[in-house]
Amino acid sequence: MEQADLELIRRARHGDPQAIETIVRNYQSFVYRTAYGILQNVADAEDATQEAFIRAFRSLGRLREDRTFPTWLARIAVRISLDMVQAKARRAQDPTEEIHGSVDGGEDAASLRIDLERALAKLSPEHRTVIVLRAVQGLEYDEIAQVLDIPIGTVRSRLHHARMQLRTYLSGERGDS
Amino acid sequence: MQSCEFMEPMLSAYLDGELAKDDKARVEAHLAACAHCRELVDAMQNDDRALLSWARTLAAPADMPMRVLNALGLSRQEVQSRRLAYVYFASLALGVALVLAAVSLPAASAAAILFHFALAVVRALFALPWSVHAEWLVVLGALSLIILVLSLTCLRRALHWTRSEVVWR
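Quick caveat: nothing in here was measured; it's all calculated off a predicted structure.

Draft legend 1. Focus on the state of the cysteines. All names here are of chain B. Overall, the coordinates contain 0 disulfides over all chains when judged by the stated rule. Cysteine Cys 34 is unpaired, with the sulfur of Cys 4 as its nearest cysteine sulfur at 3.5 Å. Cys 37 forms no disulfide, and the closest cysteine sulfur to it belongs to Cys 4, at a distance of 3.7 Å.

What follows is the structure, encoded as structure tokens:
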């Protein structure tokens with residue numbers, strides 16, 4: 001993190017609205033993509049993003065090391081998103097129902113997006129989370145371990161299984177060999 | 001050559017550059033000889049690329065900063081109204097404190113003198129209509145009306161100014 005980012009966090013801790021606004025702008029894509037990757041639903045991802053920032057700023061005083069802010073924020077976003085997935089599961093709603101559109105086997109961007117979302121939706125929330133944190137957010141294994149509060153060996157094996165499953169589902173969607 | 005079942009669990013970490021030196025060398029030796037695992041690594045790499053380009057199409061709503069600020073009670077309007085409320089309550093508290101001080105402190109006699117003076121002024125004002133001619137009463141009434149209009153105009157401008165001012169800190 002750069003010095004300017006650390007200064008923003010320090011100001012945000014004192015309730016400076018301008019600093020908070022800048023931080024949200026800087027990190028909203030990061031949080032939203034994480035949330036959407038896990039939740040697979042626009043409205044839920046927006047709610048999770050908003051909630052993650054609110055919780056982060058309300059508990060910013062408890063963040064010991066400002067340099068860990070991105071990982072800490074990702075952890076909050078992941079927790080909120082997984083809680084929402086569990087809540088939805090309790091209401092017996094299938095996340096795949098949220099994904100609309102037809103696939104004609106074409107390779108355009110829209111059908112690729114639908115393929116990916118369908119394949120992701122078939123993964124378990126834990127596998128979705130780990131693959132989003134690695135492939136989308138580019139987090140290192142030790143950072144993923146911190147975000148998910150699991151050993152690094154578990155990150156490695158979970159990521160392997162997630163990728164293999166995604167491969168299987170994508171092959172099914174696209175009709176690959 | 002080691003079996004694919006043994007090597008496969010390492011391919012993901014190999015792709016991410018997370019393998020130790022000797023494991024990396026073993027995977028590379030295996031990949032040089034195994035077309036199946038090479039294809040698998042390529043496919044996983046393509047999936048990662050596809051996921052990344054898919055994620056780049058996802059954008060949080062533009063008003064997210066405002067939503068967060070509103071939820072935290074830190075929007076401009078809220079900050080402004082809170083500050084006006086602080087000023088109001090501080091003025092009220094100061095007024096109450098001054099009245100209490102005037103009543104309870106030894107200097108209360110000074111307050112009593114001021115009170116009697118104010119009372120005398122009010123009595124004089126009430127006696128005014130009987131001591132001057134009707135023309136002067138009209139002049140006094142007109143002056144009062146002008147002062148009232150001026151005061152109301154100033155108050156309106158002051159309120160307008162506080163509403164339009166941008167308060168951030």
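Draft legend 2. Focus on helix α4 (residues 64-71) of chain B. Within the sequence span of α4 of chain B, burial applies to Met 64, Pro 65, Val 68 and Leu 69 of chain B. The arc that holds every buried residue of α4 of chain B, seen down its axis, measures 135 degrees, which confines them to one face. Elements in contact with the buried residues of α4 of chain B: α2 (17-39) and α3 (42-58) of chain A. Just beyond α4 of chain B, the residue with positive phi is Gly 73 of chain B, at close to 70 degrees.

Draft legend 3. Layout of the interface of chain A and chain B. Tallying the contact residues gives 41 residues for chain A and 36 residues for chain B. Both faces combined, the contact of chain A with chain B buries some 3700 Å², and carbon together with sulfur accounts for 64% of it. Asp 48 of chain B is the salt-bridge partner of Arg 163 of chain A, the closest N and O atoms lying 2.7 Å from each other. Counting every contact that joins chain A to chain B gives 15 residue pairs in polar contact (both at pLDDT 80 or more).

Draft legend 4. Molecular detail of the confidence of the model for chain A. On average, residues of chain A score 86 in pLDDT, and 87% of them reach the 70 mark or higher. Long-range and interchain partners of residues 97-106 of chain A, a stretch whose pLDDT sits below 50, account for 15 contacts in this model, where long-range means more than four residues apart.

Draft legend 5. Geometry of the layout of surface pockets. Residues and elements named next belong to chain A. Counted as a void, the largest pocket has a volume near 370 Å³. In this structure, the largest pocket is lined by Arg 55, Ser 59, Arg 62, Leu 63, Arg 64, Thr 68, Thr 71, Trp 72, Arg 75, Ile 76, Arg 79 and Gln 146. No other element matches helix α4 (residues 69-90), which puts 5 residues into the lining of the largest pocket. Residue composition of the lining of the largest pocket, grouped by class: 3 nonpolar, 4 polar and 5 charged.

Conventions used here
Residues numbered from 1 in each chain as written. Chains lettered and ligands numbered in written order. Predicted model: local features only at pLDDT ≥ 70, side-chain atom pairs only at ≥ 80, totals over all residues. Heavy atoms only, no water. Disulfide = S-S within 2.5 Å. Buried < 20%, exposed > 50% of the residue type's maximum accessible area, 1.4 Å probe, protein only. Helix = DSSP H or I, 4+ residues; strand = E, 2+ residues; numbered from the N terminus. Arc of directions from axis to C-beta. Contact = heavy atoms within 4.5 Å. Buried area = accessible area lost by both parts, 1.4 Å probe. Salt bridge = Lys/Arg side-chain N within 4 Å of Asp/Glu carboxyl O. Polar contact = N/O pair within 3.5 Å; in protein donor to acceptor, adjacent residues only side chain to side chain. pLDDT = per-residue confidence, 0-100. 1 Å grid on protein atoms, 1.4 Å probe; cavity = no way out; pocket = protein on both sides within 12 Å on 5 of 7 lines; lining within 4 Å. Points joined across faces, edges and corners; volume = space filled by probe spheres on them. Nonpolar A, V, L, I, M, F, W, Y, C, P; charged D, E, K, R; others polar.

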